[in-house]
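What follows is the residue order along each chain.
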Amino acid sequence: MDDRLRLLMYLYDEEVDEASLARRLAEDESLRREYRHLREVKEQLDARPASRPDPAVVDRVVETARAAGEAPKGPPSTPRASRPARSPQRSWTSRLQTAGAALAVVLLVGLGWWQGRSEADAPEASTGRSAVEPRAAVSEGAAPSTAVPAWDDRDQLVRIHRRIERLRSHSRPDRWGSALQPVQRP
Amino acid sequence: MQPTDEALVMTYLEEGDEQAFRRLVERHQDRIFGYLMGMVKDRAAANDLFQETFERVIKAMRGQRGSYDPQGQWLSWVMSIARNAAIDHSRRQKKWREVPQREDDGRSFWDTLEDDTPGADEQLHRAEQREWLDEHIEELAPEQREVLLLRQETDLTFREIAELQEVSINTALGRMRYALKNLRKMIEASNETALVGALDA
């Protein structure tokens, strides 16, 4: 660091290698003169009376500090009280709402399923026969190989199946076991 | 034995003891106010800035705003806040040297007198001396004036001033050197003028 800058640090009692600086001052007249001039100005500056804020300002500052110091102890910063337990009434209301929602979902699903089933049965209804008829035929000893699986509703297959069933019923003897009555012509 | 600044800070923060904070303020009020006064040259404005500075300080210490490092030097930190407040004020007022405020500094001469110590004559002399020196300080370049005020009024070290101004320590020392040399020239010129005036009379 430059000797002239070190002079300033020495002048303001800051840490500096005094022995080295003293040696430089002894050697250099211009450095000694500069030190003298700087010191004279500093002495004048040091002699200036201190400037002080108005006492009322200090009081306001301390009041601000007091108010800020109280803030953490006040309600906003204290831990919140535990949330009160829910009332039984509210609990029942909540449960009813949940049950209602679940029931609505079940109804919607059921309605959808029923509607889908009705649409699937619609072609059968147009033939004027019951949907359970083919099953009945199977149970009565008809060839199982011709039975249509319940899950197979392809139209073509259903139509063929029903035609077979119709033909079979026409060719079957009277179910009730009685002999055929001749038609009496007038 | 006097408690340190840091001890007073902890007493205030941990125990909410505002008297500890008062001691801090009163301990450093001359330094902080002297710097602010030198920067704004207006007693009313310096009072406002002093209060504004401590409002910011309290908020930061309470963790509401800004950052406060309890490990650092409290005064250096407060001075950085005071400096920002002074710069903000100067920007607002647009009088960072461009418009010297000579004619009205917001106080009468009698406002500068303090109680009854020391004697009135001595007070008068000191007040005149301060006013006379302040006028010369105000004529310094802003960066020189600020270093001079920070070193002379607040007692921050040159290293702390360099950190505050974000310059090297050599730059801070160089500014101080020019500030003192220029001030000396002004004082000499002023004295010569006064001497010539006295001889003419």
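All values derive from a computational prediction rather than experimental measurement.

1. Re the overall build of chain A
The secondary structure content of chain A amounts to seven helices and zero strands. For chain A, the succession of helices and strands along the chain, N to C, is α-α-α-α-α-α-α. Counting all 186 residues of chain A, 9% fall into the buried class. Of all intrachain contacts in chain A linking residues separated by at least 6 positions in sequence, the fraction that spans at least 24 positions is 44%.

2. Let's talk about the overall build of chain B
For chain B, the count of helices and strands is eight helices and zero strands. Beginning at the N terminus, the succession of helices and strands in chain B can be written as α-α-α-α-α-α-α-α. Out of the 201 residues in chain B, the part that is buried amounts to 33%.

3. A short note on the interface of chain A and chain B
The interface is formed by 32 residues belonging to chain A together with 36 residues belonging to chain B. Residue assignment for the side of chain A that touches chain B shows that the elements contributing at least two residues are α1 (3-11), α3 (29-46) and α4 (55-70) of chain A. Looking at side-chain class alone, the side of chain A that touches chain B contains 18 nonpolar, five polar and nine charged residues.

4. Concerning the packing of helix α1 (residues 5-15) of chain B against helix α2 (residues 18-40) of chain B
Think of two packed helices as two axes; the pair is described by the angle between the axes and how far apart they sit. All names here are of chain B. Following both chains from N to C, one finds α1 and α2 inclined at 150°, their axes separated by 7 Å at the closest point. When the axis of α1 is compared with that of α2, the two are roughly antiparallel. Here α1 runs over α2; the crossing is left-handed. Counting all contacts with α1, which are made through D5, L8, V9, T11 and Y12, the residues of α2 involved are E18, A20, F21, R23 and L24. Looking at the contact of α1 with α2 residue by residue, the class counts come to six nonpolar, one polar and three charged.

5. Comments concerning the nonpolar core
In this structure, L36(B) and M176(B) are the most contacted members of the largest nonpolar core, which totals 55 residues. Residue contributions to this core peak at eleven residues, all from α2(B). Excluding anything up to four places from it in sequence, M176(B) contacts L8(A), V147(B), L148(B), R151(B) and F158(B).

6. Thoughts on the packing of α4(A) against α2(B)
Across the interface, α4(A) lies against α2(B) with an axial gap of 9 Å and an inter-helix angle of 145°. The handedness of the crossing between α4(A) and α2(B) comes out as right-handed. Across the interface between the two elements, V58(A), V61(A), V62(A), A65(A), R66(A) and G69(A) of α4(A) pack against E18(B), F21(B), R22(B), V25(B), E26(B) and Q29(B) of α2(B). Tallied by class, the residues present in the contact of α4(A) with α2(B) amount to six nonpolar, two polar and four charged.

7. A short note on unusual backbone geometry
The general pattern is negative phi for most residues beyond glycine and trans for most peptide bonds. With phi around 60°, D13(A) is a residue other than glycine that occupies positive phi space. With respect to the helices, strands and loops of the structure, D13(A) is situated in the loop between α1 and α2 (18-27). The exposure class assigned to D13(A) is exposed, which follows from the 9 C-beta atoms found within 10 Å. If you check the backbone angles, K41(B) has positive phi at about 55° while not being a glycine. Secondary-structure assignment places K41(B) in the loop between α2 and α3 (43-61).

8. Quick word on the confidence of the model for chain B
Residues and elements named next belong to chain B. Looking at chain B, the pLDDT average stands at 81 and 76% of residues meet or exceed 70. Helix α5 (residues 120-138) is the least confidently modelled element of chain B, averaging 76 in pLDDT, while helix α7 (residues 158-165) averages 93, the highest of any element. Contacts from residues 99-104, a stretch scored under 50 in pLDDT, to residues over four places away or in other chains number five contacts. Taken as a whole, residues 107-116 scores under 50 in pLDDT and shows six contacts with residues more than four places along the chain or in a different chain. This complex was scored by the predictor with a pTM of 0.58 and an ipTM of 0.73.

9. Re the environment of D134(B)
Along the chain, the position of D134(B) falls in helix α5. Note: C-alpha distance between D134(B) and G38(B) (96 residues apart in sequence) is 7.2 Å.

10. As for the confidence of the model for chain A
Residue and element names in this part refer to chain A. Scored by pLDDT, chain A has a mean of 74; 61% of the residues are at 70 or more. When pLDDT is averaged over each helix and strand of chain A, the minimum, 47, is found for helix α6 (residues 133-139) and the maximum, 92, for α3. Scored below 50 in pLDDT, residues 73-84 shows two contacts in the model against residues more than four places distant or in partner chains. Scored below 50 in pLDDT, residues 125-143 makes 14 contacts in the model with residues more than four places away or belonging to other chains.

Calculation notes
Residues numbered from 1 in each chain as written. Chains lettered and ligands numbered in written order. Predicted model: local features only at pLDDT ≥ 70, side-chain atom pairs only at ≥ 80, totals over all residues. Helix = DSSP H or I, 4+ residues; strand = E, 2+ residues; numbered from the N terminus. Buried ≥ 20, exposed ≤ 12 C-beta atoms within 10 Å, placed from the backbone. Contact = placed C-beta atoms within 7 Å. Nonpolar A, V, L, I, M, F, W, Y, C, P; charged D, E, K, R; others polar. Axes fitted to C-alpha atoms, helices over the stretch in contact; angles between N-to-C directions. Parallel < 35°, antiparallel > 145°, perpendicular 65-115°, else oblique. Left-handed = near helix turned anticlockwise from the far one by under 90°. Core = buried A, V, L, I, M, F, W, Y, C linked by C-beta atoms within 7 Å. pLDDT = per-residue confidence, 0-100.

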